[in-house]
Amino acid sequence: MTTADHLLGLQELDSAIDQCGHRRTRLAERATLAAADAQVKVQRTAIAAADKAAGAATVRIEVLERENATRETKKKRLEAQLKTVIAPREAEALMHEIGLLDAQRSAADDEELECMDALEAAEGARDAADSALAVALTGQVDAQAALAAAEAAVDAEAADLRGRRADVAAAAGKELVTHYEELRKSFGGVAISRLHGTRCGACHLDQSSKTMEAIKAAADGQPLECEQCGRLLVR
């Protein structure tokens, strides 16, 4: 193989290694895992919301029950007092106050029933979110395993390519490979191109007759730089 063949082979291997890197970041399994992670987050958020709703309903029920207990104590006191009064106006005032307490108790009972319904709904939502979270966590574990397997496959392919690259680079020679690698950084990964007639295959511009003569005279396919773009150019 000529020096040019080695460099072209090196370019091909480097491009394939780069493609492995791009594929690794764009694996379909990565998107699947992201979706699984999002689903786990959704269910955990639902659980937190259900717990918050259940907590609020429980606290309100406790407050209403304490208030009703206080009303009941006050009502018994007023009823006992009512039995001892003689004046009609005083008895009327006591009966009015007892009526207000009964109305407040009735409204509190209605609200407590609503809170109990809300508590039951929150507990049901919590149970549903718990079940959904278990499913989501299983999906997340499966997605993690699938991604790890896909990454391992790409990594193995890249490792094989790097091994082959080391052999080709050794054959091409350290000095030329160093120059080639510097050019790769400057030209977005593509440092060498074939000559098509008198035209560079990378920049698609024609070479001068002087450059063409130098390329033809180069020993062992030794590449020269394209006078237009600076990439290595081989026949």
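See the structure printed just above.
Read on for a plain summary of the structure.

**A look at the overall build of the chain**
When helices and strands are tallied, the chain shows 5 helices and 4 strands. Beginning at the N terminus, the succession of helices and strands in the chain can be written as α-α-α-α-β-β-α-β-β. For the chain, the C-alpha radius of gyration of 41 Å lies well beyond 18 Å, the compact-globule estimate for 235 residues. With the C-alpha coordinates aligned to their principal axes, the bounding extent of the chain is approximately 135 × 35 × 25 Å. Counting across all 235 residues of the chain, residues that qualify as buried make up 32%. The contacts of the chain with a sequence gap of at least 6 include a subset with a gap of at least 24, amounting to 70%. A total accessible area of about 14300 Å² is found for the chain, and carbon and sulfur atoms account for 56% of it. Mean positive and mean negative side-chain charge positions of the chain (30 and 40 charges, respectively) differ by 5 Å.

**A few points about the packing of helix α1 (residues 3-25) against helix α3 (residues 88-172)**
The contact between α1 and α3 brings their axes to 9 Å, and the two run at 160°. With respect to their mutual orientation, α1 and α3 come out roughly antiparallel. In terms of crossing hand, the pair formed by α1 and α3 is left-handed.

**Observations regarding the pairing of strand β1 (residues 192-196)**
Two elements, β1 and strand β4 (residues 232-234), share 3 bridges in a ladder whose sense is parallel. In the strand pairing of β4, R194 is matched with V234. For β1 and strand β2 (residues 199-200), the ladder comprises 2 bridges, and the chain directions are antiparallel. Within the sheet, the bridge partner assigned to H196 lies in β2 and is R199.

**Notes on the nonpolar core**
L7, L10, Y180, I192 and L232 are the most contacted members of the largest nonpolar core, which totals 27 residues. Broken down by secondary-structure element, the contributors of at least two residues to this core are α1, α2 (28-82), α3, α4 (174-186) and β4. The element contributing the most residues to this core is α3, with 9 residues. The contacts of I192, once residues within four sequence positions are left out, are L7, L8, Q11, Y180, L232 and V234.

**Things to note about a negative patch on the surface**
A grouping of D110, E114, D117, E120, E123 and D127 is seen on the molecular surface, where their side chains present a negatively charged patch. On the secondary structure map, E114 appears in helix α3. Note on E114: relative accessible area 55%, which makes it exposed.

**With respect to the sheet that holds β1**
One open sheet accounts for 4 strands, arranged β2-β1-β4-β3; its pairing is mixed. Of all strands in the sheet, those bounded by a partner on one side alone are β2 and β3 (224-225). Two strands pair when backbone bridges link them, and β3 and β4 are joined in this way by 2 bridges, in the antiparallel orientation. Across the sheet, E225 pairs through a bridge with L232, a residue of β4.

**Quick word on the pattern of salt bridges**
Under the defined criterion, the tally for this structure stands at 18 salt bridges. With a closest N to O distance of 3.2 Å, K74 and E97 form a salt bridge. Taken together, the positions of K74 in helix α2 and E97 in helix α3 put the pair 23 residues apart, joining distant regions of the chain. When its relative accessible area of 28% is taken as the criterion, E97 is described as partly exposed. Put simply, R126 and D130 hold a salt bridge, and the shortest N to O gap is 2.6 Å. In this pair, R126 and D130 are both assigned in helix α3, 4 residues apart and thus about one turn of the helix distant. Accessibility expressed as a relative area gives 26% for R126, which makes it partly exposed.

Cut-offs and rules
Residues numbered from 1 in each chain as written. Predicted model: local features only at pLDDT ≥ 70, side-chain atom pairs only at ≥ 80, totals over all residues. Heavy atoms only, no water. Helix = DSSP H or I, 4+ residues; strand = E, 2+ residues; numbered from the N terminus. Rg over C-alpha atoms; globule rule 2.2 N^0.38 Å. Buried < 20%, exposed > 50% of the residue type's maximum accessible area, 1.4 Å probe, protein only. Contact = heavy atoms within 4.5 Å. Areas by Shrake-Rupley, 256 points an atom, 1.4 Å probe, with all protein chains shown as cover. Lys, Arg positive; Asp, Glu negative; His and termini not counted. Charge placed at Lys NZ, Arg CZ, Asp CG, Glu CD. Axes fitted to C-alpha atoms, helices over the stretch in contact; angles between N-to-C directions. Parallel < 35°, antiparallel > 145°, perpendicular 65-115°, else oblique. Left-handed = near helix turned anticlockwise from the far one by under 90°. Pairing = 2+ DSSP bridges. Core = buried A, V, L, I, M, F, W, Y, C linked by side-chain atoms within 4.5 Å. Patch = residues over 30% accessible without salt bridge, like charges linked within 9 Å, V, L, I, M, F, W, Y side chains within 5 Å. Salt bridge = Lys/Arg side-chain N within 4 Å of Asp/Glu carboxyl O.

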